[in-house]
Amino acid sequence: MIVRCVLVLTSCVVALYAGTVATAADLPRLDPAAAGFDSARLATIDGLVEEMLAAEKMPGCVVCIGRREGIAMLKAYGRRAVRPAEEPMTTDTVFDLASLTKPVATATAIMRLVEDGKLRLSDPIATHIPEFAAGGKEKLTVHDLLTHQSGLIADNPIGDYADGPATAFERIWNLTPLHPAATKFIYSDVNFIVLGQLVERLSGQSVAAFAKRHTFEPLGMAETGYQPAEPLRARTAPTEERDGHWMRGEVHDPRCWKLGGVAGHAGLFGTATDLARYATMMLDGGSLDGVRVLAPETVAAMTRGWPIPGGGERGLGWDKRSPLSSNRGDLLTESAFGHGGFTGTALWIDPALDLYVIFLSNRVHPDGKGLVNPLIARIASVAAGAIVSPRGVPQATTDRPVLTGIDVLVRDGFRQLAGKRVAVITNHTGLDRERRRTATLLAQADGVKLVAIFGPEHGASGTFDQANVPDGKDEETGVPVKSLYGKTKRPTAEMLADVDALVFDIQDIGCRFYTYVSTMLEAMKAAAEHKKAFVVLDRPNPIDGVSIAGPRVDEGRGTFVGCHPIPLRHGMTVGELAKMFAADLKLDLDLTVVPCEGWRRADAFDATGLEWVNPSPNMRSLTEAFLYPGIGMLEFTNLSVGRGTDTPFEVLGAPWLDGRPLADALAARKIPGVAFVPIRFTPAASKFKGESCGGINIAVTDRAMLDPVRVGLEIAVALRRLHPEKWEIEKVDLLLLHKATLDAIRDGKGADAVLETARDGLKEFGRRRQPHLLYQ
């Protein structure tokens, strides 16, 4: 027994670590109002369930809803059995929990072993199960399996289990992944069968025995476990017939059954009230009734969102938001985690709401049909919406840095590129957290051969400020550098002849006419045409991933500075844009996005802890990046936007312009987040070099309120009114690429009307981008 003492004044609070059996009192049963729920709203669950019973989507179910202080709703509906004889459903019915086994038994056991120092999430499985290395699986890690990124098959053939458990495991050890690790999300029972065996190898106990000793007994979950005995079997909800008898207390999953009823992916049985004890433990940071099963830091790591290929997030053993989240309530917060089971079970826990929702049914009884996931999601939303007294649970946090795609690639041993000849599209911004160049890291990586570097506008070095960037040679790696901003903007067949995969790693700034994403799209088209893999090493959008502004490109008017119908400010990362481009254009492309970790959509670059590197010669600060979508939009007209000064995109002017009336006109508009100061400046280079220009300094006063596209359009409206003859309005459209907005400015319409016109298509774009978003 391990005893942890916490001194509070003169007292000692003793937390008995798992291995000690709790003296379990029943969780308190609370009136819904006392638990902070609107009772009338919670009561609407009755109608939802009765509707599904009438539609014969299930024979019956048990619903349990609660918070840390106790259970607010526990109710049985319908029938436990309809064949061979009818039985009423009761709240103490024991259910085959199916895949709830994965998080509640197996993942919890794995995390306990991590706590005990017997395992690391980054450990290759083969370190502990050497036979698993066969078939190219030697580098698959514990983390890969917990998050279903191993590339292993969802279920190997049932015939593999026909000759007994020993032979079944030999066949599992010899499986070959369908995809390289971390390139595809495949929800796989095989992953958790292997993890169950890992628990046994490290502990000397089956996953059933380990979970009983370290999780269920300490939590007082007396009616939860594998292979229930009498009298629990008599209270068990039957599922289907097998070999002429009803499965009752006998696992439904055929592979688990062939393995003797104990496995890491299925086999667990339990009741709603037992699961409520588990959920309360998770809400309370790993402890219940003075017994600690997991440390708070472990719970935080287990339930945080880990990005998965293709978009979405998984926890360690848990679902967060993924292609399998159909039973997730729409009103649950981003902190929610949960899981479902094939037999008709689900558990969702939301620490931010201090809420758990347990739904247990035997929807496969009697004929293997039934459907409950939509009902579960609706019940979870009702529960969340019924809360009138929010009581978020303080969460243990981990101080984890933002990792860019190259950081993740390095950490994962370059597995996504194993055995490939690669060309990398990159520049001076392609650096990891240690300031090591992506190109150099690829050149030095085991199992990867770097054959070329392709440079975008300003070249691979980021130092060219000219229309045509030449080819060259990279001094550090010795590989050739080919320009994608010179004779060609798309990789040619010759350039790709010795390449298996194109890798893209460039820091974008979140503005449509910044050409790095155009280079990416051209390269994606070339990769699709020549059957090359395409891998995007993602990076944060430095001006946040939430804000969308400015009109979309008019249909049929795409150019290199408007390569796709997206707004001026799109609020997406390059990885998300790559997914959108591939889907919208129906590219036949083997696309992999290696997501960032730790970045939140609402975060600007200065919240990431990453070091700022000027993405291009005149993009010298985050403030300039924020202003660029609006001020940069005006630079093809007869205005200087500050190129050749110390503060490009923070000043604007021309020799013919008096900044004072312009500043006054803009100040009268009371534009949030920005002020305008009349100035004079003389560019040392670029447009109006050596000429004194009158104009304005655009001073950001509140970045949270700043809409840079509005700023640019307001300036355009004011210039059209003040200088209709001098200002060359037509060239605005070279970057705006939206005729209706240009016409509104030209026709002298007021700023409000122009802004409304510029919002054309934003709602549709917001819907269109949603499936491609990778971050919360």
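The rules behind the values
Residues numbered from 1 in each chain as written. Predicted model: local features only at pLDDT ≥ 70, side-chain atom pairs only at ≥ 80, totals over all residues. Heavy atoms only, no water. Helix = DSSP H or I, 4+ residues; strand = E, 2+ residues; numbered from the N terminus. Rg over C-alpha atoms; globule rule 2.2 N^0.38 Å. Buried < 20%, exposed > 50% of the residue type's maximum accessible area, 1.4 Å probe, protein only. Contact = heavy atoms within 4.5 Å. Areas by Shrake-Rupley, 256 points an atom, 1.4 Å probe, with all protein chains shown as cover. Expected span 1.5 Å × (residues − 1). Bend = angle between axes of the 7 residues up to and from the residue. Axes fitted to C-alpha atoms, helices over the stretch in contact; angles between N-to-C directions. Parallel < 35°, antiparallel > 145°, perpendicular 65-115°, else oblique. Left-handed = near helix turned anticlockwise from the far one by under 90°. Nonpolar A, V, L, I, M, F, W, Y, C, P; charged D, E, K, R; others polar. Core = buried A, V, L, I, M, F, W, Y, C linked by side-chain atoms within 4.5 Å. Pairing = 2+ DSSP bridges. pLDDT = per-residue confidence, 0-100. Phe/Tyr/Trp six-rings, centres within 6.5 Å; stacked < 30°, edge-to-face > 60°. Salt bridge = Lys/Arg side-chain N within 4 Å of Asp/Glu carboxyl O.

**Notes on the overall build of the protein chain**
Of regular secondary structure, the protein chain possesses 22 helices and 28 strands. Since a compact globule built from 776 residues should have a radius of gyration of about 28 Å, the 30 Å found for the protein chain is in line with a globular shape. In terms of overall dimensions, the protein chain has C-alpha extents of about 95 × 60 × 60 Å along its principal axes. Among the 776 residues that make up the protein chain, the fraction classed as buried is 60%. Considering only intrachain contacts with a sequence separation of at least 6, the fraction spanning at least 24 residues in the protein chain is 70%. In the form shown here, the protein chain has an accessible surface area of approximately 29,300 Å², with 51% of it arising from carbon and sulfur atoms.

**Focus on helix α2 (residues 101–115)**
An ideal rise of 1.5 Å per residue puts 21 Å on 15 residues; α2 measures up with 20 Å between its terminal C-alpha atoms. A maximum bend of about 30 degrees is found in α2 at A107. In terms of residue burial, α2 counts as a mostly covered element, since 13 of its 15 residues are buried. Once α2 ends, the next one or two residues include G117, with phi positive near 80 degrees.

**As for the packing of helix α18 (residues 708–722) against helix α21 (residues 751–758)**
The N-to-C vectors of α18 and α21 enclose an angle of 135 degrees; their axes lie 10 Å apart at closest approach. Judged by the inter-axis angle, α18 sits oblique to α21. Both α18 and α21 take part in a crossing whose hand is right-handed. Across from R710, L713, E714 and V717 in α18, the residues of α21 making contact are A751, V754, L755 and A758. Grouping the amino acids of the contact of α18 with α21 by side-chain chemistry returns 6 nonpolar, no polar and 2 charged.

**Observations concerning the nonpolar core**
Counting 102 residues, the largest nonpolar core has M520, F534, L652, F676, I715 and W727 as the members making the most contacts within it. Residue contributions to this core peak at 9 residues, all from helix α14 (residues 516–529). Residues contacting W727, with those up to four places away along its chain left out, are L634, T637, N638, L639, W656, A716, L719, R720, V732 and I745. Of all hydrophobic cores here, the second largest spans 79 residues; its members include I129, L146, L152 and L175.

**Description of unusual backbone geometry**
Cis geometry is found at the peptide bond from R83 to P84, where omega equals 0 degrees. Within the secondary structure, P84 sits in the loop between β4 (70–81) and β5 (87–88). In this chain, E230 is followed by P231 through a cis amide linkage whose omega measures 0 degrees. The residue P231 is located in the loop between β7 (225–226) and β8 (241–242) in this model. Its identity as a non-glycine residue notwithstanding, H458 has a phi of 75 degrees, on the positive side. As for its position among the elements, H458 is in the loop between β20 (448–455) and β21 (472–473). Overall, the relative accessible area of 8% leaves H458 in the buried class. With a phi angle near 65 degrees, S686 is a residue other than glycine that sits in the positive phi range.

**Details of the sheet that holds β7**
Sheet strands line up and pair through hydrogen bonds in the backbone, either parallel or antiparallel. The strand order β6-β10-β7 describes an open sheet built from 3 strands, whose pairing is antiparallel. What marks the edges here is a single partner per strand, and that holds for β6 (95–96) and β7. Where β7 and strand β10 (residues 268–270) come together, 2 bridges link them in antiparallel fashion. Within β10, the residue paired with Y226 across the bridge is L268.

**Some points on the confidence of the model for the protein chain**
For the protein chain, the average pLDDT comes to 93, and 95% of its residues sit at 70 or higher. Per-residue pLDDT stays below 50 along residues 1–24; that stretch engages in 49 contacts with residues further than four places along the chain or on separate chains.

**Some thoughts on the packing of aromatic side chains**
Taken as a whole, this structure holds 11 aromatic pairs when the rule is applied. Taking 6.1 Å as the distance between ring centres and 40 degrees as the angle between the ring planes, the aromatic pair formed by Y485 and F560 counts as tilted. A residue pair is termed long-range when its members are at least 10 positions apart, and Y485 in the loop between β22 (480–483) and β23 (501–505) and F560 in the loop between β24 (533–537) and α15 (574–584) qualify at 75 residues. Accessibility expressed as a relative area gives 14% for Y485, which makes it buried. Ring plane angle 75 degrees and centroid distance 5.0 Å describe the contact between Y514 and Y516, whose orientation is recorded as edge-to-face. Taking the relative accessible area as the measure of exposure, Y516 reaches 1% and is therefore buried. An aromatic cluster is present here, built from F513, Y514, Y516, Y628 and F649 joined pairwise through their rings.

**A short note on the packing of helix α16 (residues 622–631) against α18**
Running from N to C, α16 and α18 cross one another at 45 degrees; their axes reach a closest spacing of 6 Å. What the angle tells us is that α16 and α18 run oblique. Between α16 and α18 the crossing geometry is right-handed. Residues F626, L627, P629, G630 and I631 of α16 form the contact with α18, whose participating residues are P708, V709, V711, G712 and I715. Class assignment of the residues belonging to the contact of α16 with α18 gives a composition of 8 nonpolar, 2 polar and no charged.

**Regarding α14**
With 14 residues, α14 extends 20 Å between its outermost C-alpha atoms, agreeing within 8% with the 20 Å of an ideal straight helix rising 1.5 Å per residue. Burial of α14 is extensive: 12 of the 14 residues sit out of reach of the surface. Where α14 is concerned, the buried positions are Y516, V517, S518, T519, M520, L521, E522, A523, M524, A526, A527 and A528. Looking at the buried positions of α14, the neighbouring elements they touch are β19 (420–426), β23, β24 and α15. Two residues or fewer past α14, K531 is found with a positive phi of approximately 60 degrees.

**Details of the pattern of salt bridges**
Scanning the model with the defined rule gives 50 salt bridges in all. E250 serves as the salt-bridge partner of R242, at 2.7 Å between the closest nitrogen and oxygen. When the shortest N-O distance is used, the salt bridge between R277 and D289 registers 2.6 Å. A residue pair is termed long-range when its members are at least 10 positions apart, and R277 in helix α9 (residues 272–283) and D289 in the loop between β11 (287–288) and β12 (291–292) qualify at 12 residues. Looking at R277, the relative accessible area reads 4%, which means it is buried. With a relative accessible area of 47%, D289 lands in the partly exposed category. Through salt bridges with shared partners, a single network forms among R80, E87, D92, E223, R235 and R248.

**Re the side chain of T298**
For T298, the position within the fold is in helix α10 (residues 296–303). Residue class for T298 comes out buried when judged on its relative accessible area of 10%. In this structure, T298 is in contact with M111 and E115, ignoring residues within four places of it in sequence.

**Focus on the sheet that holds β20**
If you walk across this open sheet you meet the 7 strands as β21-β22-β20-β19-β23-β24-β25, and the pairing is mixed. Strands with a single pairing partner mark the edges of an open sheet, and in this sheet they are β21 and β25 (591–594). One ladder, built from 2 bridges, connects β21 with β22; its direction is antiparallel. Of the residues in β22, the one forming a bridge with K473 is P480.

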